[in-house]
Amino acid sequence: EAGVTQSPTHLIKTRGQQATLRCSPISGHTSVYWYQQALGLGLQFLLWYDEGEERNRGNFPPRFSGRQFPNYSSELNVNALELEDSALYLCASSTSAGYNEQFFGPGTRLTVL
Amino acid sequence: GQSLEQPSEVTAVEGAIVQINCTYQTSGFYGLSWYQQHDGGAPTFLSYNGLDGLEETGRFSSFLSRSDSYGYLLLQELQMKDSASYFCAVNNRDDKIIFGKGTRLHILP
């Protein structure tokens, strides 16, 4: 069974640009979560999508947004990139009721210059 | 506010037992999860406690005390491959997911 996949692996942008990160969940999983992992700060919860709807979002500005598609894949968009947005962005998936057991993808390393 | 506290680093000897503590403050607490992350890797799920008590999975056990807002991860028969970061995470009634900053476990031969 394929795990959670993310693309691209690495992404380099300049300040002010937009970044789009993609995630495909495990087959049968309807929930997708996005996290930011900056050095030394642990995992910061960004967004939670379930069955195509945004279920919740963390304490991030509106320039962090996303969506979930009918096939449950998801995309994270970061507008007006700032230097401090440089981090590893992790996507995880679970069954709708299984948010306590999340399966993580390998992440996208975003570097903002 | 909502927060989780866990030690930043713990050092133990191969073959020994180590306990990683996690204290939390959140409203409408549902349960406590634990994840392991090796350098350069993705977090992997280890265990979940929704009720008070001990959950055992092989060499790893996790404990929860809801009245004390406290839990811990216990690793037995430590192996060098257990060197990693360990995160506790809570879910609450507002559907917020909060991760701790992680505990770096160093294992000495």
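Residues numbered from 1 in each chain as written. Chains lettered and ligands numbered in written order. Predicted model: local features only at pLDDT ≥ 70, side-chain atom pairs only at ≥ 80, totals over all residues. Heavy atoms only, no water.

As for the overall build of chain B
Tallying secondary structure elements over chain B gives zero helices and 11 strands in all. From first element to last, N terminus to C terminus, chain B shows the α and β order β-β-β-β-β-β-β-β-β-β-β. Whereas a compact globule of 109 residues would reach a radius of gyration of roughly 13 Å, chain B reaches 13 Å, a difference of no more than 12%. The C-alpha extent of chain B, read off along each of the three principal axes, is 45 × 30 × 20 Å. Considering chain B as a whole, with its 109 residues, one finds that 48% of them fall into the buried category. Looking at chain B as shown, the accessible area adds up to about 5,100 Å², and 48% of this sits on carbon and sulfur atoms. Put simply, chain B has 7 plus and 12 minus side-chain charges, and the middle of one group is 6 Å from the middle of the other. (Helix = DSSP H or I, 4+ residues; strand = E, 2+ residues; numbered from the N terminus. Rg over C-alpha atoms; globule rule 2.2 N^0.38 Å. Buried < 20%, exposed > 50% of the residue type's maximum accessible area, 1.4 Å probe, protein only. Areas by Shrake-Rupley, 256 points an atom, 1.4 Å probe, with all protein chains shown as cover. Lys, Arg positive; Asp, Glu negative; His and termini not counted. Charge placed at Lys NZ, Arg CZ, Asp CG, Glu CD.)

Some thoughts on the nonpolar core
Within the largest apolar cluster, 23 residues are counted, with the highest numbers of intra-cluster contacts made by Leu32, Trp34, Leu75, Tyr86 and Leu105 of chain B. Counting only elements with at least two residues in this core, the list comes to strand 2 (9-13), strand 3 (18-25), strand 4 (29-37), strand 7 (60-65), strand 8 (70-75), strand 9 (84-92) and strand 11 (103-108) of chain B. Within the second largest apolar cluster, 22 residues are counted, among which are Val4, Leu21, Ala38 and Val112 of chain A. (Core = buried A, V, L, I, M, F, W, Y, C linked by side-chain atoms within 4.5 Å.)

Notes on the state of the cysteines
Under the counting rule described, the total for this entry stands at two disulfides over all chains. For Cys23 of chain A, the disulfide goes to Cys91 of chain A, at an S-S distance of 1.8 Å. Around the S-S axis, the bridge from Cys23 of chain A to Cys91 of chain A shows a dihedral of about -60° and counts as left-handed. On the criterion of sequence distance, the pair formed by Cys23 of chain A in strand 3 (residues 19-24) and Cys91 of chain A in strand 9 (residues 87-94) is long-range, its members being 68 residues apart. For the pair Cys23 of chain A and Cys91 of chain A, one class covers both residues: buried. What pairs with Cys22 of chain B in a disulfide is Cys88 of chain B, and their sulfur atoms sit 2.2 Å apart. Here the disulfide of Cys22 of chain B and Cys88 of chain B is right-handed, its torsion about the S-S bond being about 75°. Here Cys22 of chain B is found in strand 3, whereas its partner Cys88 of chain B is found in strand 9, with 66 residues between them in sequence. Each member of the pair Cys22 of chain B and Cys88 of chain B is classed as buried. (Disulfide = S-S within 2.5 Å.)

Describing the sheet that holds strand 1 (residues 5-7) of chain A
All names here are of chain A. The four strands lie next to each other as 1-3-8-7, forming an open sheet whose pairing is antiparallel. Lying at the two open borders of the sheet, with one neighbouring strand each, are strand 1 and strand 7 (64-68). On average, adjacent strands in this sheet sit at an angle of 20° to one another, irrespective of strand direction. In terms of strand pairing, strand 3 meets strand 8 (residues 74-78) through five bridges, oriented antiparallel. When the bridges of strand 8 are listed, Leu21 appears paired with Leu76. (Pairing = 2+ DSSP bridges. Axes fitted to C-alpha atoms, helices over the stretch in contact; angles between N-to-C directions.)

Let's talk about the side chain of Asn91 of chain B
Following the sequence through the fold, Asn91 of chain B ends up in strand 9. For Asn91 of chain B, a relative accessible area of 3% corresponds to the buried category.

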